[in-house]
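Residues per chain are reported as follows:
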There are 4 protein chains.
Amino acid sequence: MSIRTGIVGFGYWGPNLARNFSVAKGGELRYICDRDPARVEEAARLFSGAKATTDFGELLRDDALDLIVVATPVSAHYPLVKLALEAGKDVLVEKPLALTVAEAEELVDLAKACDRLLAVDHTFLYTGAVRKIKELVSDGELGELLYFDSVRVNLGLFQHDINVLWDLAPHDLSILCHLHDEQPQSVIAMGASHTSSGFENQVYMHLEYPSGFVAHFHWNWLAPVKLRLTSICGKRKMVVYDDMERGEKVKVYDKGITENARGVETMKKIFVDYRTGEMRAPKLDHGEALAEEASDILECVKTRRQPTSDGEFGLRIMRLLDGAQKSLEGGGKRVELRGVGPGGGGS
Amino acid sequence: MSIRTGIVGFGYWGPNLARNFSVAKGGELRYICDRDPARVEEAARLFSGAKATTDFGELLRDDALDLIVVATPVSAHYPLVKLALEAGKDVLVEKPLALTVAEAEELVDLAKACDRLLAVDHTFLYTGAVRKIKELVSDGELGELLYFDSVRVNLGLFQHDINVLWDLAPHDLSILCHLHDEQPQSVIAMGASHTSSGFENQVYMHLEYPSGFVAHFHWNWLAPVKLRLTSICGKRKMVVYDDMERGEKVKVYDKGITENARGVETMKKIFVDYRTGEMRAPKLDHGEALAEEASDILECVKTRRQPTSDGEFGLRIMRLLDGAQKSLEGGGKRVELRGVGPGGGGS
Amino acid sequence: MSIRTGIVGFGYWGPNLARNFSVAKGGELRYICDRDPARVEEAARLFSGAKATTDFGELLRDDALDLIVVATPVSAHYPLVKLALEAGKDVLVEKPLALTVAEAEELVDLAKACDRLLAVDHTFLYTGAVRKIKELVSDGELGELLYFDSVRVNLGLFQHDINVLWDLAPHDLSILCHLHDEQPQSVIAMGASHTSSGFENQVYMHLEYPSGFVAHFHWNWLAPVKLRLTSICGKRKMVVYDDMERGEKVKVYDKGITENARGVETMKKIFVDYRTGEMRAPKLDHGEALAEEASDILECVKTRRQPTSDGEFGLRIMRLLDGAQKSLEGGGKRVELRGVGPGGGGS
Amino acid sequence: MSIRTGIVGFGYWGPNLARNFSVAKGGELRYICDRDPARVEEAARLFSGAKATTDFGELLRDDALDLIVVATPVSAHYPLVKLALEAGKDVLVEKPLALTVAEAEELVDLAKACDRLLAVDHTFLYTGAVRKIKELVSDGELGELLYFDSVRVNLGLFQHDINVLWDLAPHDLSILCHLHDEQPQSVIAMGASHTSSGFENQVYMHLEYPSGFVAHFHWNWLAPVKLRLTSICGKRKMVVYDDMERGEKVKVYDKGITENARGVETMKKIFVDYRTGEMRAPKLDHGEALAEEASDILECVKTRRQPTSDGEFGLRIMRLLDGAQKSLEGGGKRVELRGVGPGGGGS
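Let us look at the structure shown here. (Residues numbered from 1 in each chain as written. Chains lettered and ligands numbered in written order. Predicted model: local features only at pLDDT ≥ 70, side-chain atom pairs only at ≥ 80, totals over all residues. Heavy atoms only, no water.)

Describing the overall build of chain A
Secondary structure assignment for chain A yields nine helices and 15 strands. A globule of 347 residues ought to have a C-alpha radius of gyration of about 20 Å, and chain A, at 22 Å, matches this closely. Along the three orthogonal principal directions, the C-alpha set of chain A runs to about 80 × 45 × 40 Å. Counting the 347 residues in chain A, one finds 57% classified as buried. Intrachain contacts of chain A at a sequence separation of at least 6 include 67% that bridge at least 24 residues. As displayed, chain A has an accessible area near 13900 Å², and 50% of this comes from carbon and sulfur atoms. (Helix = DSSP H or I, 4+ residues; strand = E, 2+ residues; numbered from the N terminus. Rg over C-alpha atoms; globule rule 2.2 N^0.38 Å. Buried < 20%, exposed > 50% of the residue type's maximum accessible area, 1.4 Å probe, protein only. Contact = heavy atoms within 4.5 Å. Areas by Shrake-Rupley, 256 points an atom, 1.4 Å probe, with all protein chains shown as cover.)

Put into structure tokens, the structure is as follows:
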């Protein structure tokens, strides 16, 4: 049995989704929908196997349609996802899940009430690099995690309607939340705007967790050299993920510290020794991340398995962005977080 | 006329100072003083031209002695510098200038009152790299400065009596203050301790300035790869200073942004275009920084010129460290700064 | 007036040529020809503005057609180019120009006799990097050239009908000949085959020139890390061209040596001092090389200017490959070269 | 029982030998000898435990002396080593073993006749990097070796009495011979001199072996960037040894090729597929190579074990240098080699 899919929104990202869902095993791309007739015509030309339409109702009314993929501007996410869920469809929606935390919460609740799957498209989780790091963390190879530090900067396209936080943070926050489940207790975000737009083009964000784990980020549209560099430090090993490397993107360092006490009882002090062993760069899967994701989502629909990046997950990211934005607006004030961890949210 | 110098403290750094002051042109190393007779004996063996002694009073009483260099543990800085200034000597003291801001202020005032030079040893300012960057900033090649971002991390020696801030921050803060004179208005510092010592081994620090300029730092003793990477972004050009590079440590990027308004009057938005030109790595002077510093200090003593890193400068660094420590202790709270800029301090 | 172009051969490279010639200013893509009807159908679908045909004669008979681009397998180059020239067409042909030096010579002579342009497609010459290096050489910034050293290795696709020399050497040899006009006097080539095919997968080639200039190459399909690294050393400056760099592919080092004699007349020896100055990475044009080439060829056709990579140039490359192959077969014996330089060929 | 050692020659390298032999376990540095009284005085000052003398005969006559280390200019190697062996001493001599192959052969024969150890100081073999690579080769992890490619270039000190071959080649040739025992059949060397001295400052050398293994080298005093890069390719894995890396100098790539035949019997062709797995950088021992060597030589003297780099080994290097020099002088002509492998030499 093939999973029948319809895509709504055929702008920047829609064609990539269509390309991957049209060839994914176990699926059938049945509709492409856009309100712009010119886009619909283009869709019809490129994907002759699917029906192209401006009428979203057509998708909702087709009882044989299983999955609706929402790739419209973010302001349309909430109404379209709501309609789709209410029509009994499973949904994959572009990030961010909605405009506000309140909308996102409502959609998560609705999906539960309707017993439908709600997935959010955080494509980075399907890259070979992140899948490998997830495996290293899950297998316990890194040991208990101590910190996550990520830098994503370059001389890049300045968005003119959002700040750099909302542009770049979803990537790193989704990787962080995927690797480390703990609920952070607070966020501090500090930014600067070097143009007259007032939108921050440089933002630092800091998360604190009850366990002592910390996460720190630097996003910047105005940097001389492009960096995509994430360090994940565990008690046993450390990982450096450098997305600008052509060859070995993920390096695992067998390095760490050991504590020991020296001196007599009353005067004893804690000394820290460090040890350093081999480094290895595991082989990564080089398949296209979006192809992996399409397969996985179709599999979830078929088997009713909850996707990795489900509504709850998308909501966690929304709450982190929301908290960071409040901190930015408060000039770097510390903002307490609630309900960001898995199973949290009962605020 | 040679400048006669005496060094007090012959522990870790003292021999380096002695080696450089014993050969610096225009100077004569007359004394090495340490309260440990074994160190005095070693000094006598290595520097036969100087008098080695355990009696600091001997230096104070020698009317022909011009300069006293204090390289003792930091707790002895205040009393020794005070005695030296009161005895009419010029002073070069290891960083940090004193244990507390109050002590440091007192020493700065005393030097003024005695009309003596007080210099603080921030050796990094004399490296070929920092001297070249200072020149680029002073010449206006970078344009107005927008931000300073510095990362100094590695798997390093954990100190067991101070946190990573007091260990590593003086290097980067001295470079920042040397390049950018503005008085910061606030500091936020966030840290984590991953050992049972409670001392932070990972600290992020953020400085905000009235002009919109920001400075951000990451110091870490528990990092998989050694990084010494500073970015200085100006309106016209940007500099990357990578101290781990063997060859080209300083790279100047002819990159930047330009703003322009598009759209009709009522709807017009600010768009940002970026431009990218050539990169160049200027030739750097490869002389030993401490040799440069010794020459410069001797020259200052001779000509009564104020040294680059004088007491006021050392005090600025102390106030930044003090503010950051308070923020750390307040869990990342924003701490207002006063008197950190040049000519500030009137608190 | 538009230059009317026909392309013959729509296999691997043909579609790239068609894409670029169909949009190049001053040109009109009129025909795409292939003997395989399936390829012709594909061409018709992708380039609806051009006429797709299996009949090469149609191109020859169209008096309004100016330029024929030959992108067939190399064995068809000779007969097709010959027909095109005899029909009065200008020709751009894929490298290598022909199967043998004799064929290539005949085509060069024929083009002259017919007064038609004959260009060979060495696309690398149109990359931003090579154009910039050519400029540096022509402007005299490097001074007299001393050597050229190039490494092009990776774990790559083993061809099963040619050795690595014929696969990779044309790239580097075309760059060398473009930058340095001198006629080499001899070639030595040394190879190894690490498979049972007998085709060399690793070849070193060495060229000697009357002036003392040398060129050396390493090509390898069986190397652990991908390298594309060329050093060009002049008396005044040196260039490193690293095609694997994302950012600064071309670096110019202001480094060199100076000689001086020391000692008394009868005992004097030559000493060599070296000097080292700044490095700079000039801004490169990032346009697609093939688009640059298409424009340039159309311009040549229009203005009757001789293209950079004309028949003579293609013939020089053929003679170098031919000499190297003879040396390989002779176990690394030195092979004398004739007629490889510009204006050479009078053998 | 301690091994009593005397060092003759206290110029550039002698003090390093003295420092290491004076602290090596199981040894006692008894003499330092130099014909220059000023050097003898310096030796006496720095190594008070040893007797400093200008009289080499004193060492020969001391029956309790076990080992003589010869660190004089190369022209004195032959007479001093000969005297030492004849006096019944074991000998460690700086590379190269002697001025000519004939002298070297005579010393090797003499050592055998006297039943004394003769070791040649190829310090590189004792670095952590080379020891690790040797282990990888010996354990069969790389599989059968296919090639060795080494580049050792920089803008360096031009020697004024030898060419770059004799300056830099001993390092790489000793590493090659240590890792691969096979006897090469021929050498081709190609050079260029870019100064008026006539001494080659740039040399390429190529070795061919009966098994199909090849080795290739590039040495250059006139290169813009310092490279110390060696690739060792085996049938199963490949190693890249980059001596300029601060961190991971040795990287092991689990990469290679597999052959398979495709097509029907009469038409079948060999196709080559490649596979690529993980990379790892093993932990290296960071001890000083010369300290390792001193310990090892003392151990050899005590246990009468033959050292890794014995007279035969030093002679192999001499024969390779001699062959390469002959090829250089013949303008890159192929020179047949005899007696370079282990157990060879019976020519």
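Some remarks on the pattern of salt bridges
Taken as a whole and assessed by the stated rule, the structure comprises 108 salt bridges over all chains. The partner of Arg280(C) in a salt bridge is Glu278(B), with the nearest N and O atoms 2.8 Å apart. Of this pair, Arg280(C) sits in strand 14 (residues 269–281) while Glu278(B) sits in strand 14 (residues 269–281), each in a different chain. Salt bridges here are not isolated pairs; linked through shared partners, they connect Glu141(A), Lys237(A), Arg280(A) and Glu278(D). (Salt bridge = Lys/Arg side-chain N within 4 Å of Asp/Glu carboxyl O.)

Concerning helix 7 (residues 164–179) of chain A
All names here are of chain A. Helix length check: helix 7 (16 residues) gives 23 Å between terminal C-alpha atoms against 22 Å at 1.5 Å per residue, within 8%. Here helix 7 lies mainly inside the structure; 14 of its 16 residues are buried. By the N-cap criterion, in which a side-chain oxygen at the helix start approaches the backbone nitrogen of a residue two or three places on, helix 7 is capped by Asn163, the distance to Leu165 being 3.1 Å. (Expected span 1.5 Å × (residues − 1). Polar contact = N/O pair within 3.5 Å; in protein donor to acceptor, adjacent residues only side chain to side chain.)

Thoughts on the relation of the copies chain B and chain A
For the pair chain B and chain A, the relating rotation is 180 degrees, the translation along its axis is 0.0 Å, and the fit reaches an RMSD of 0.0 Å. Taken together, these values place the two copies in the relation of a two-fold axis. The C-alpha atom lying nearest the rotation axis in chain B is that of Lys333(B); the distance is 3.5 Å. (Least-squares fit on C-alpha atoms with pLDDT ≥ 70 in both.)

Notes on the sheet that holds strand 2 (residues 27–33) of chain D
Residues and elements named next belong to chain D. Taken together, six strands build an open sheet; the order of strands is 3-2-1-4-5-6 and the sheet is parallel. Of all the strands in the sheet, just strand 3 (51–53) and strand 6 (118–121) have a single pairing partner and so form its edges. Ignoring strand direction, the axes of neighbouring strands in this sheet form an average angle of 20 degrees. Here strand 1 (residues 3–8) pairs with strand 2 via six bridges, running parallel. Note on strand 2: the bridge partner recorded for Gly6 is Tyr31. Across the sheet, helix 8 (residues 289–303) is in contact with strand 1, strand 2, strand 4 (67–70), strand 5 (90–94) and strand 6; its angle to strand 1 comes to roughly 125 degrees. (Pairing = 2+ DSSP bridges. Axes fitted to C-alpha atoms, helices over the stretch in contact; angles between N-to-C directions.)

Quick word on the interface of chain B and chain A
Chain B puts 46 residues into the contact, and the matching count from chain A is 46 residues. The junction of chain B with chain A conceals about 4200 Å² of combined surface from both sides, 68% of it contributed by carbon and sulfur atoms. Counting every contact that joins chain B to chain A gives 13 residue pairs in polar contact (both at pLDDT 80 or more). Those elements that provide at least two residues to the side of chain B that touches chain A are strand 7 (145–155), strand 8 (186–192), strand 9 (202–208), strand 10 (214–220), strand 11 (222–234), strand 12 (238–242), strand 13 (250–262) and strand 14 of chain B. In the side of chain B that touches chain A, the residues fall into 23 nonpolar, 16 polar and seven charged. (Buried area = accessible area lost by both parts, 1.4 Å probe. Nonpolar A, V, L, I, M, F, W, Y, C, P; charged D, E, K, R; others polar.)

Let's talk about helix 1 (residues 14–23) of chain B
For helix 1 of chain B, the complete set of buried residues consists of Gly14(B), Leu17(B), Ala18(B), Asn20(B) and Phe21(B). Elements that come into contact with the buried residues of helix 1 of chain B comprise strand 1 (3–8), strand 2 (27–33), strand 4 (67–70), strand 5 (90–94), strand 6 (118–121) and helix 8 (289–303) of chain B.

Observations concerning the packing of aromatic side chains
Residues and elements named next belong to chain A. Enumeration over the complete set of coordinates arrives at 24 aromatic pairs over all chains. Consider the rings of Tyr12 and Trp13, whose centres lie 6.1 Å apart with planes at 35 degrees: the pair is tilted. The exposed category is assigned to Tyr12, whose relative accessible area is 73%. In this structure an aromatic cluster arises from ring pairing among Phe148, Phe217 and Trp219. (Phe/Tyr/Trp six-rings, centres within 6.5 Å; stacked < 30°, edge-to-face > 60°.)

Some points on unusual backbone geometry
Here the amide bond leading from Lys95(A) into Pro96(A) is cis, since omega sits at -10 degrees, within 30 degrees of zero. If you trace the backbone, Pro96(A) turns up in the loop between strand 5 (90–94) and helix 5 (101–114). The phi angle at Asp115(B) is positive, at roughly 55 degrees, despite the residue not being glycine. Following the sequence through the fold, Asp115(B) ends up in the loop between helix 5 (101–114) and strand 6. A positive phi is found at Arg304(C), a non-glycine position, where the angle reads about 60 degrees. Assessed through its relative accessible area of 38%, Arg304(C) is described here as partly exposed.

Points about the pairing of strand 5 of chain A
All names here are of chain A. Burial analysis of strand 5 places five of its five residues in the buried class, the great majority of the element. Taken together, the four bridges between strand 4 (residues 67–70) and strand 5 define a ladder with parallel strand orientation. By the bridge assignment for strand 5, Ile68 is matched with Val91. Running through helix 4 (residues 77–86), the crossover from strand 4 to the neighbouring parallel element strand 5 is right-handed. As judged from the four bridges shared by strand 5 and strand 6 (residues 118–121), these two strands associate in the parallel manner. Looking at the pairing, Val93 lines up with Val120 of strand 6. Handedness of the crossover joining strand 5 and strand 6 through helix 5: right-handed. (Right-handed = clockwise from strand over helix to strand, strands pointing away.)

Some thoughts on the sheet that holds strand 5 of chain A
All names here are of chain A. The parallel open sheet is built from six strands, whose spatial order is 3-2-1-4-5-6. Strands with a single pairing partner mark the edges of an open sheet, and in this sheet they are strand 3 (51–53) and strand 6. Here the average twist between neighbouring strands, direction ignored, is 20 degrees. Of the pairings in the sheet, the one linking strand 1 (residues 3–8) to strand 4 comprises four bridges and is parallel in character. Paired with Thr5 across the two strands is Leu67, which belongs to strand 4. Across the face of the sheet, helix 4 comes into contact with strand 1, strand 4, strand 5 and strand 6 while running at roughly 165 degrees to strand 5.

Quick look at the packing of helix 5 of chain B against helix 9 (residues 311–329) of chain B
Residues and elements named next belong to chain B. Relative to each other, helix 5 and helix 9 sit at 170 degrees, their axes nearing to 10 Å. By the angle class used here, helix 5 and helix 9 are roughly antiparallel. The segment helix 5 lies against helix 9, with Val101, Ala104, Glu105, Val108 and Lys112 engaging Gly311, Glu312, Leu315, Met318, Arg319 and Asp322. Split by residue class, the contact of helix 5 with helix 9 holds five nonpolar, one polar and five charged. (Parallel < 35°, antiparallel > 145°, perpendicular 65-115°, else oblique.)

With respect to a positive patch on the surface
On the surface, Lys226(A), Arg246(A), Lys226(C) and Arg246(C) cluster together to form a positively charged patch. Topologically, Arg246(A) is positioned in the loop between strand 12 (238–242) and strand 13 (250–262). (Patch = residues over 30% accessible without salt bridge, like charges linked within 9 Å, V, L, I, M, F, W, Y side chains within 5 Å. Lys, Arg positive; Asp, Glu negative; His and termini not counted. Charge placed at Lys NZ, Arg CZ, Asp CG, Glu CD.)

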